[in-house]
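This is what each chain is made of:
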Amino acid sequence: MAKKITRKPKPEISDRILDMALALAAEHGWRCVAMTDIAAAAKAPLAEVLLTFPSKGAVVNAIFRRTDARVLAAACAASETNDSTRDSLFDVLMQRFDTLQRDRQGISSIVYASLCDPLAPLCYGPRLMCSMALMLETAGLSSSGPGNFLRAKGLAVVYIIAFRVWLLDDSPDMTKTMASLDGGLKRAETLAALCWGRRVDQAANA
């Protein structure tokens, strides 16, 4: 039986493809960009591009993964520690926005194109949840198990709300984004405390 050979793309080629995809999205709109356009802009053979990323959806999910990797690298390089979990999550998610900032126009184009695609939640939803689980782990919180999966879903809601603010945030230091994220984390923390308190009361009265 012949052994299946899987060829991994060189990191610089993968990054160049993603960079060109974001640049084309910013310039022409993601809906107007084809894989042939990305290959031409990246100066790579179309076959090599398609072997690396078979579709535009694969390109978007790869942007998610690259963002995750960059956030994790920045978190590992940072030496400061936070007194609270909320502060840790705030720092990790703001690092994510910092990482996305230079490509905001291209990302914005991808997001608005996705709003017109009924299959977008199926394509990108699982990847978003994986990203949120990684952000929890980076902040020192477990993301495994049914209860912690709900925690990841809650963080995803907080992130999406702040992400919508970030897309239109014209402040030089992302003040509006920080305010939205901080408020969302505070509300989530309060809700979690209330739910935990109810469980404790129920256990005590059992």
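Residues numbered from 1 in each chain as written. Predicted model: local features only at pLDDT ≥ 70, side-chain atom pairs only at ≥ 80, totals over all residues. Heavy atoms only, no water.

Notes on the overall build of the protein
No. 1: Along the protein, the regular secondary structure elements total nine helices and zero strands.
No. 2: Of all 206 residues assigned to the protein, the portion counted as buried reaches 39%.
No. 3: Here the contacts in the protein between residues at least 6 apart in sequence split such that 69% fall between residues at least 24 apart.
No. 4: Looking at the protein as shown, the accessible area adds up to about 12400 Å², and 61% of this sits on carbon and sulfur atoms. (Helix = DSSP H or I, 4+ residues; strand = E, 2+ residues; numbered from the N terminus. Buried < 20%, exposed > 50% of the residue type's maximum accessible area, 1.4 Å probe, protein only. Contact = heavy atoms within 4.5 Å. Areas by Shrake-Rupley, 256 points an atom, 1.4 Å probe, with all protein chains shown as cover.)

Topic: the pattern of salt bridges
No. 1: With the rule as written, the count across this model stands at 10 salt bridges.
No. 2: As a salt-bridge pair, R96 and D68 come within 2.7 Å of each other at their nearest N and O atoms. With R96 in helix α5 (residues 85–101) and D68 in helix α4 (residues 56–77), the pair connects residues that are 28 residues apart, well separated along the chain. No difference in accessibility class separates R96 from D68, as the two residues are buried. (Salt bridge = Lys/Arg side-chain N within 4 Å of Asp/Glu carboxyl O.)

Observations concerning the packing of α4 against α5
No. 1: Where α4 contacts α5, the two axes come as close as 9 Å, and the packing angle between them is 125°. Our classification of the angle between α4 and α5 gives oblique. Judged by the sense of rotation from one axis to the other, the crossing of α4 with α5 is right-handed. Together, F64, T67, D68, R70, V71 and A74 of α4 and V92, Q95, R96, T99 and L100 of α5 make up the contact between the two elements.
No. 2: Looking at the contact of α4 with α5, its residues break down into five nonpolar, three polar and three charged. (Axes fitted to C-alpha atoms, helices over the stretch in contact; angles between N-to-C directions. Parallel < 35°, antiparallel > 145°, perpendicular 65-115°, else oblique. Left-handed = near helix turned anticlockwise from the far one by under 90°. Nonpolar A, V, L, I, M, F, W, Y, C, P; charged D, E, K, R; others polar.)

Structural notes on the nonpolar core
No. 1: Counting 54 residues, the largest nonpolar core has W30, F97 and L181 as its most contacted members.
No. 2: Every element with two or more residues in this core is listed here: α1 (11–28), α2 (35–42), α4, α5, α6 (104–114), α7 (120–138), α8 (146–167) and α9 (175–205).
No. 3: Looking at this core element by element, the count peaks at nine residues for α8.
No. 4: Setting aside residues up to four positions removed in sequence, F97 forms contacts with Y159, A162, F163, W166, M174, T177 and L181. (Core = buried A, V, L, I, M, F, W, Y, C linked by side-chain atoms within 4.5 Å.)

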